[in-house]
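The primary structure of each chain is shown beneath.
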Amino acid sequence: MKLSHFNFNLPKELLAEFPAENRDESRLMVIDRQKQTIEHKMFKDVINYFDDGDVLILNNTKVFPARLYGNKEKTGARIEVFLLRELNSEQRLWDVLVDPARKIRIGNKLYFGDDDSLVAEVIDNTTSRGRTLRFLYDGSYEEFRNKLTELGETPIPKYINREVTAEDAERYQTIYAKEEGAVAAPTAGLHFSKHLLKKLEIKGVNFAEVTLHVGLGTFNPVEVEDLSKHKMDSEELIINQQACDIVNEAKAKKKRICAVGTTSMRAIESSVSSANTLNPYEGWTNKFIFPPHDFSIANCMITNFHTPKSTLLMMISAFCGHDLMKKAYDEAIKEGYKFYSYGDAMLIL
C-alpha cells in the first residue's frame, strides 16, 4: 500500500480542542471485523464487550510536563523548549526541540523561571530543531527534576490551538499512569474512568500493564510514498514477566485480548516469541506496523481517530482491514465524531 491510500479530508471542526466532560462519556464506534458491521455507542458501553478472563493491555506511561518557555541571554527572546528525553542524569543533559530554532546556536544560554533559577546551555545541534542542552541548577538531582516539573507545561499537542489549562494536567493523563517518561499521552486510555475500570475488574477482566514511553515521533506524518522506507523514532519499552503471564494465559484459553491504544499494540508486537506468545522486554523499539501485518497477540483493540498519513492510521488499516477502516472513517466524519487526542474512540473486534 502507498502513502496516498491514507489521505482524507478532515473538517477542522472535528478536531477535539477539549476532552469530553466525563472520561467515559465520549462516543464509541464499535467495528466488528467478522460481521463487517459498524455500531454507535458511548465509551462506557465498552464493558458489554468483555467477560471473565478477557484481558485489557494498558500502557502505564506517564506524561511529564515537557514544554518549557525560556529567554535567550542578551536578547531576552522567548524560546519554547520541548524536552524529548534525558540523555545523562549526572550531567543533566537533555535531548530537546527548540522553537524558533534559527536563533539558537551552540554556546547560547537560556534562562527559565521568573528568577532565572534554571539555566541551560546549548552544547550540540542534533536536527534542524533538535538541540542537546546541559541544565545548570544549584541543587540535588531530585530538586532539579522538581524544578523542571514546576516550570513545565502539560505538552498538549500543537494542533490544539489554545492555552494549556489546569484541567489538562489531569485530563491529558490516563488514570493508571505510573511510569514517567512520555511526552505525549497514550490517548485511547484517556477514556477509562476509575469507575469503569472497577466495573471491568468486578466482571473478571484482567489488566496487563506495559510501559512504552511515547515520543513525539508518534505524530510525525509519513512523507515517503513507499511505506517500507519510513523510519520510526525509537521509544523506550518495558514489558515485565507478570504482564506476559496474564496475556499468555488468556491467549491459551482463547480469550479476548484487547490492546488499549496503538502504543500498547506496538509494544506487544515488538516482543513476540516464535510460538506467538508475549516475551518480556526491556529496551527500545522502532517497530512500524503497516499493511499487510499479521498480529500475533491481540485480537481486539481500542483506539482514537487518527490524522491523515499518520503511522497510527496505517496500523489501524493493518488491524481492521483497509476498506472497513475507510468506511468507518467516512461514517465517523459524517456522524461528527471528534478526532485526535481528546476525541472519540473506536473498538475494533
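For the structure, check the block above.
Residues numbered from 1 in each chain as written. Predicted model: local features only at pLDDT ≥ 70, side-chain atom pairs only at ≥ 80, totals over all residues. Heavy atoms only, no water.

Novice: Looking at this model, I keep getting lost on the overall build of the protein. Mind explaining?
Specialist: Along the protein, the regular secondary structure elements total seven helices and 17 strands. Computed over C-alpha atoms, the radius of gyration of the protein comes to 21 Å, within 12% of the 20 Å expected from 2.2 N^0.38 for 349 residues, which places it in the range of a compact globule. In terms of principal-axis extent, the alpha carbons of the protein reach across some 65 × 45 × 40 Å. Looking at the protein residue by residue over its 349 residues, the buried ones come to 53%. Taking the intrachain contacts of the protein between residues at least 6 apart in sequence as the baseline, contacts between residues at least 24 apart amount to 71%. As presented, the protein carries roughly 16200 Å² of accessible surface, and 45% of it is formed by carbon and sulfur atoms. Separation between the mean location of the 46 positive side-chain charges and that of the 51 negative ones in the protein comes to 4 Å. (Helix = DSSP H or I, 4+ residues; strand = E, 2+ residues; numbered from the N terminus. Rg over C-alpha atoms; globule rule 2.2 N^0.38 Å. Buried < 20%, exposed > 50% of the residue type's maximum accessible area, 1.4 Å probe, protein only. Contact = heavy atoms within 4.5 Å. Areas by Shrake-Rupley, 256 points an atom, 1.4 Å probe, with all protein chains shown as cover. Lys, Arg positive; Asp, Glu negative; His and termini not counted. Charge placed at Lys NZ, Arg CZ, Asp CG, Glu CD.)

Novice: Honestly, the sheet that holds strand 12 (residues 206-212) in this entry has me stumped. Any pointers?
Specialist: The pairing of strands in a sheet comes from backbone hydrogen bonds and takes either a parallel or an antiparallel form. Read across the sheet, nine strands follow the order 2-1-17-16-14-3-12-13-15 without closing on themselves; strand pairing throughout is mixed. Of all the strands in the sheet, the pair left with one neighbour each is strand 2 (37-42) and strand 15 (281-285). The mean inter-strand angle of the sheet, taken between neighbouring strand axes irrespective of direction, is 20°. Sheet strands in contact with helix 4 (residues 241-252) are strand 3 (55-59), strand 12, strand 13 (235-239) and strand 14 (257-260), and its direction is about 135° off that of strand 12. Against the sheet, helix 6 (residues 311-320) makes contact with strand 1 (27-32), strand 16 (300-304) and strand 17 (345-348), and its axis sits at roughly 150° relative to strand 16, the strand it touches most. (Pairing = 2+ DSSP bridges. Axes fitted to C-alpha atoms, helices over the stretch in contact; angles between N-to-C directions.)

Novice: Whenever I open this one, the environment of Asp-115 confuses me. Can you help?
Specialist: By secondary structure assignment, the location of Asp-115 is in the loop between strand 8 (109-112) and strand 9 (118-125). A polar side-chain atom of Asp-115 sits 3.0 Å from a polar atom in the side chain of Ser-117. (Polar contact = N/O pair within 3.5 Å; in protein donor to acceptor, adjacent residues only side chain to side chain.)

Novice: Would you explain the packing of aromatic side chains in this entry?
Specialist: The geometry of an aromatic ring pair is captured by two quantities: the separation of the ring centres and the angle between the planes. Evaluation of the coordinates by the stated rule reveals 16 aromatic pairs. Pairing Phe-288 with Phe-290 gives two aromatic rings, centres 4.7 Å apart and planes at 35°, and the pair type is tilted. A relative accessible area of 14% means that Phe-288 is categorised as buried. Ring-pair connections join several aromatic residues into one group, and the members of that group are Phe-8, Phe-305, Tyr-329, Tyr-337 and Phe-339. For the cation-ring pair, Arg-27 lies above Tyr-337, with the distance from its terminal atom to the ring centre recorded as 4.1 Å. The residue whose ring lies beneath Arg-162 is Phe-18, and the NZ or CZ to ring-centre distance is 4.1 Å. (Phe/Tyr/Trp six-rings, centres within 6.5 Å; stacked < 30°, edge-to-face > 60°. Lys NZ or Arg CZ within 6 Å of the ring centre and 35° of its normal.)

Novice: Sorry if this is basic, but what is going on with the side chain of Asp-168 here?
Specialist: With respect to the helices and strands, Asp-168 occurs in helix 2 (residues 166-171). For Asp-168, a relative accessible area of 0% corresponds to the buried category. Side-chain polar atoms of Asp-168 contact the backbone nitrogen of Thr-165, separated by 2.8 Å. Apart from residues lying up to four places away in sequence, Asp-168 is in contact with Thr-154, Ile-156, Arg-162, Glu-163 and Tyr-342.

Novice: Any chance you could explain the sheet that holds strand 8 here in plain terms?
Specialist: The strand order around the closed barrel formed by six strands is 5-6-7-10-9-8, and the pairing between neighbours is antiparallel. Between one strand and the next, the sheet's axes are offset by a mean angle of 45°, whatever the strand orientation. As judged from the three bridges shared by strand 5 (residues 67-72) and strand 8, these two strands associate in the antiparallel manner. Bridge pairing in strand 8 places Asn-71 opposite Tyr-111. Sheet strands touched by helix 1 (residues 141-151): strand 5, strand 6 (78-88), strand 7 (93-99), strand 8, strand 9 and strand 10 (130-136). Its angle to strand 9, the strand with the most contacts, is close to 90°.

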